[in-house]
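# Structural overview
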Amino acid sequence: MGIAEGKRALIVGVANDKSLAWAIAQELHTQGAEIALTYQGEILEKRVRPLAESIGAPVIGELDVTKDDQIAAVFAKIKELWGGLDMMVHAIAFADREDLRDRFLNVNRANFARAMDISAYSLVAMARAAEPLMESRGGGSIVTLTYIGAVRAIPNYNVMGVAKAALEACVRYLALDLGSKNIRVNALSAAPARTLASSAIRDYHTMSHEVEERSPLKRAMRPEEAGKMASVLLSDLSSGVTGQTVYVDMGFSIVGG
Ligand code: NAP
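Because the structure is predicted, anything quoted here is derived from the model rather than measured. Just so you know, the residues in each chain are numbered from 1, in the order the chain's sequence is written. In keeping with the model being predicted, local features are shown solely for residues with a pLDDT of at least 70 and side-chain atom pairs are shown and tallied solely at 80 or more, while totals for entire chains, interfaces and linings include all residues. Note that the side-chain values use all heavy atoms of the structure and ignore hydrogens as well as water.

## As for empty space enclosed by the protein
Each cavity reported here is a set of points on a 1 Å grid over the protein atoms alone in which a 1.4 Å probe fits but cannot get out, each pocket an open set with protein on both sides within 12 Å along at least five of seven lines, and each lining residue one with an atom within 4 Å of a point. Grid points are joined across faces, edges and corners, and a volume is the space filled by probe spheres set on the points. Evaluation of the coordinates by the stated rule reveals one cavity of 30 Å³ or more. Volume-wise, the largest cavity comes out at about 50 Å³. Lining the largest cavity we find Tyr-147, Ile-148, Ser-189, Ala-190, Ala-191, Pro-192, Val-211, Tyr-247, Asp-249 and Phe-252. Only Asp, Glu, Lys and Arg are considered charged in this grouping, and only Ala, Val, Leu, Ile, Met, Phe, Trp, Tyr, Cys and Pro are considered nonpolar; every other residue, Gly among them, is considered polar. Split into classes, the residues belonging to the lining of the largest cavity amount to eight nonpolar, one polar and one charged.

Following this line, the structure appears as structure tokens:
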């Protein structure tokens, strides 16, 4: 029996088959969960639908996290479909491509606010909408994705690092607010993986090679390793863990020098 048997999971952030959210969806499916996906925009719907079909997951609608009405509609659909929710994956981030290169201090007010809104505030808005659905199931687990650029100044990661720092702080405050309802909130800090989002970062290759060269395990992360750890954090196997940032980075974050 899988560790997610009988559980229902909403996964937000599948753009294509390289998305870390897709690696999580596949592992959760293998572990027995029922899954629902969302999409953003017509082109992505075309990419997400066949993936969803391959794991028997309904695509429950469009979700642009900057739109409160779309957040409300997605959670209303989940309520209608399942009556409650056990697991939620937030795997979304955005920064303007021009801010993922050169100097951090050039970021303008509007781009800073937009990166924060989509990459950090959206977790708060989604957790608030998930709360009653998880409460009705006696608790739940929420996982978001972050990167070591939250706690170290990584060249070119820039405003996204600041947004990830906010995201990790949101995880701790949400964990505090929701703990009494047996709802856990954790962040998974993944090593670099080639996806649509990471391709926007200048010199992504250097970030990736550093892990291969300097991490204790001396290799890149396999996306399925993020999928497996997220499944543990989402399942009852991690029932005593909340408010944490857990690294799936081949040990890169412990190395000095
Ligand atoms: P991805 O496949 O490009 O996924 C990013 C997702 O964010 C896409 O589905 C994207 O949709 C979505 N998104 C952006 N703006 C949105 C909005 N306003 N509303 C709803 N969704 C929106 O890339 P990924 O690397 O798997 O990223 C998933 C998460 O992992 C992100 O939080 C990222 O920061 C994190 N992460 C990635 C790495 C890495 O190296 N890849 C490492 C550590 C952490 P659109 O394509 O429509 O914009």
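Now that the structure is up, let's keep going.
## Quick word on the site of the ligand
Proximity is defined per residue: if any heavy atom of the residue lies within 4 Å of a molecule or strand, that residue is considered near it. Taken together, 27 residues surround the ligand, and among them Ser-19, Gln-40, Lys-164, Ala-193 and Thr-195 come closest. Side-chain atoms alone can form a polar contact between residues adjacent in sequence; in general such a contact is a pair of N or O atoms within 3.5 Å, and within protein one must be able to donate a hydrogen while the other accepts it. Here an oxygen atom of the ligand sits 2.8 Å away from a polar atom, N or O, in the side chain of Lys-164. Residue Ala-193 places a main-chain N or O atom 2.7 Å away from an oxygen atom belonging to the ligand. Accessible surface area values rest on a Shrake-Rupley calculation with a 1.4 Å probe, where residue burial reflects the displayed protein chains alone. Protein chains shield 89% of the accessible area of the ligand, which is 860 Å² for the free molecule. In this structure the site holding the ligand corresponds to the largest pocket. Criterion for pocket placement: a molecule counts as inside a cavity or pocket if more than half of its atoms are within 2 Å of its grid points.

## As for helix 1 (residues 20-30)
Burial analysis of helix 1 places eight of its 11 residues in the buried class, which makes it a mostly covered element. Along helix 1, the positions that sit buried rather than exposed are Leu-20, Ala-21, Trp-22, Ala-23, Ile-24, Ala-25, Glu-27 and Leu-28. Where helices and strands are cited, they refer to DSSP runs of H or I of at least four residues and of E of at least two residues respectively, numbered from the N terminus. Phi turns positive one or two residues past the end of helix 1, at Gly-32, with a value near 100°. Accessibility here uses a 1.4 Å probe with only protein chains present; expressed as a share of the type maximum, an area under 20% marks a residue as buried, one over 50% as exposed, and anything in between as partly exposed.

## Things to note about the sheet that holds strand 4 (residues 87-90)
Pairing between strands requires that DSSP locate at least two bridges from one strand to the other. Pairing within the open sheet is parallel, and its seven strands lie in the order 3-2-1-4-5-6-7. Two strands in the sheet have a free side with no partner beyond their single neighbour: strand 3 (59-62) and strand 7 (245-248). Between one strand axis and the next, the sheet turns through 20° on average, direction left out of account. By the bridge criterion, four bridges tie strand 1 (residues 8-12) to strand 2 (residues 34-39) in an arrangement that is parallel. Looking across to strand 2, one finds that Ile-11 is bridged to Leu-37. Contacting strand 1, strand 4, strand 5 (140-146) and strand 6 (183-190), helix 4 (residues 109-135) crosses the sheet at an angle of about 170° to strand 4. In what follows, residue pairs with any heavy atoms lying within 4.5 Å of each other are defined as contacts. For helices, the axis comes from a line fit to the C-alpha atoms of the stretch in contact; other axes are also lines fit to C-alpha atoms, and the angle between any two N-to-C directions lies between 0 and 180 degrees. In the packing of helix 7 (residues 223-234) onto the sheet, contacts are made with strand 4, strand 5, strand 6 and strand 7, and the angle to strand 6 comes to roughly 165°.

## Regarding the layout of surface pockets
Counted as a void, the largest pocket has a volume near 1,100 Å³. Considering the residues around the largest pocket, the lining is formed by 42 residues, among which Ala-91, Ile-92, Ala-93, Phe-94 and Ala-197 are closest to the centre. Among the elements of the structure, helix 1, strand 2, helix 4, strand 5, helix 5 (158-178) and helix 6 (204-214) are those that each provide at least two residues to the lining of the largest pocket. Looking at side-chain class alone, the lining of the largest pocket contains 30 nonpolar, eight polar and four charged residues. Counted as a void, the second largest pocket has a volume near 200 Å³. The wall of the second largest pocket is formed by Tyr-147, Arg-152, Ala-153, Ile-154, Pro-155, Asn-156, Arg-202, Asp-203, Thr-206, Met-207, Glu-210 and Phe-252. In terms of residue class, the lining of the second largest pocket is made up of six nonpolar, two polar and four charged.

## Some thoughts on the pairing of strand 3
Summarising the sheet, strand 2 and strand 3 pair through two bridges and their orientation is parallel. Bridge pairing in strand 3 links Tyr-39 to Glu-62.

## Some remarks on unusual backbone geometry
In this structure, Asn-156 is a non-glycine residue whose phi angle is positive, near 80°. Its place among the elements puts Asn-156 in the loop between strand 5 and helix 5. Given the relative accessible area of 11%, Asn-156 is considered buried. Of note, the phi angle at Asn-158 is positive, near 45°, even though the residue is not glycine. Structurally, Asn-158 is set in helix 5. On the basis of relative accessibility, which here comes to 13%, the residue Asn-158 falls in the buried class.

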